[in-house]
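Inside the fold
Here is what each chain is made of, one letter per residue.
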Amino acid sequence: YAPALALGDAFVVADDRGGLTSRRAADGAKRASKKIAGAKFFAEPAALRGDAHLVVAATDGRVFVLAAADFSVVVEVSLGGRVFSTPVVRGRRVFLGCRDDRMYALDVDV
């Protein structure tokens, strides 16, 4: 499991089997879960412009913007190499380091 992301009154965990789980912080009750086929997550998700969306990078270079409520995929982008780093969000821009020796900056407007 990657480190947890605090998101509103819940926390979100991504795992190395492509799973995402959201649990209520107060009592640990499961809110939502989803498995993304073929994905492996080694880094924590990041909140994107508030608590409505999050961004997470799979080790195969796919980057997902997800609705926080149910983890439905809003945007999917494939980078040029493998990713093991946590996305850094500044405004509507998402920064990711990639194993192809590049830093990517993605403009996300959700």
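Residues numbered from 1 in each chain as written. Predicted model: local features only at pLDDT ≥ 70, side-chain atom pairs only at ≥ 80, totals over all residues. Heavy atoms only, no water.

1. Concerning the sheet that holds strand S1 (residues 5-7)
With antiparallel pairing, the 4 strands of this open sheet are ordered in space as S1-S2-S3-S4. At either end of the open sheet lies a strand with only one pairing partner, and these are S1 and strand S4 (30-35). Between one strand axis and the next, the sheet turns by 20° as a mean value, whatever way the strands run. For strand S3 (residues 19-24) and S4, the ladder comprises 5 bridges, and the chain directions are antiparallel. By the bridge assignment for S4, Gly-19 is matched with Lys-35. (Pairing = 2+ DSSP bridges. Helix = DSSP H or I, 4+ residues; strand = E, 2+ residues; numbered from the N terminus. Axes fitted to C-alpha atoms, helices over the stretch in contact; angles between N-to-C directions.)

2. What about the packing of aromatic side chains?
Evaluated as defined, the whole model comprises 2 aromatic pairs. Ring geometry for Phe-41 and Phe-64: centres 6.4 Å apart, planes at 80°, overall edge-to-face. Taken together, the positions of Phe-41 in the loop between S4 and strand S5 (46-48) and Phe-64 in strand S7 (residues 62-67) put the pair 23 residues apart, joining distant regions of the chain. Seen in terms of ring centroids, Phe-42 and Phe-84 are 5.6 Å apart; in terms of plane orientation they differ by 55°. Their pairing is tilted. Linking Phe-42 in the loop between S4 and S5 with Phe-84 in the loop between strand S8 (73-78) and strand S9 (88-90), this pair joins segments that are 42 residues apart in sequence. Judged by relative accessible area, which is 44%, Phe-42 ranks as partly exposed. Take Phe-84: its relative accessible area is 28%, and that puts it in the partly exposed class. (Phe/Tyr/Trp six-rings, centres within 6.5 Å; stacked < 30°, edge-to-face > 60°. Buried < 20%, exposed > 50% of the residue type's maximum accessible area, 1.4 Å probe, protein only.)

3. Structural notes on the pairing of strand S2 (residues 10-14)
The element S2 is largely enclosed, with a buried count of 4 among its 5 residues. Between S1 and S2, which pair antiparallel in sequence order, lie 2 residues; one of them, Gly-8, sits at a positive phi of approximately 65°. Bridge analysis of S2 against S3 gives 5 bridges, and the strand direction is antiparallel. When the bridges of S3 are listed, Ala-14 appears paired with Leu-20. From the end of S2 to the start of S3, which pair antiparallel, there are 4 residues, and Gly-18 there has a positive phi angle of about 85°.

4. Quick word on unusual backbone geometry
Look at Phe-71: it is not a glycine, yet its phi comes out positive at around 65°. The topology assignment puts Phe-71 in the loop between S7 and S8. Overall, the relative accessible area of 0% leaves Phe-71 in the buried class. In this structure, Asp-101 is a non-glycine residue whose phi angle is positive, near 65°. Tracing the backbone through its elements, the reader meets Asp-101 in the loop between strand S10 (93-98) and strand S11 (102-107).

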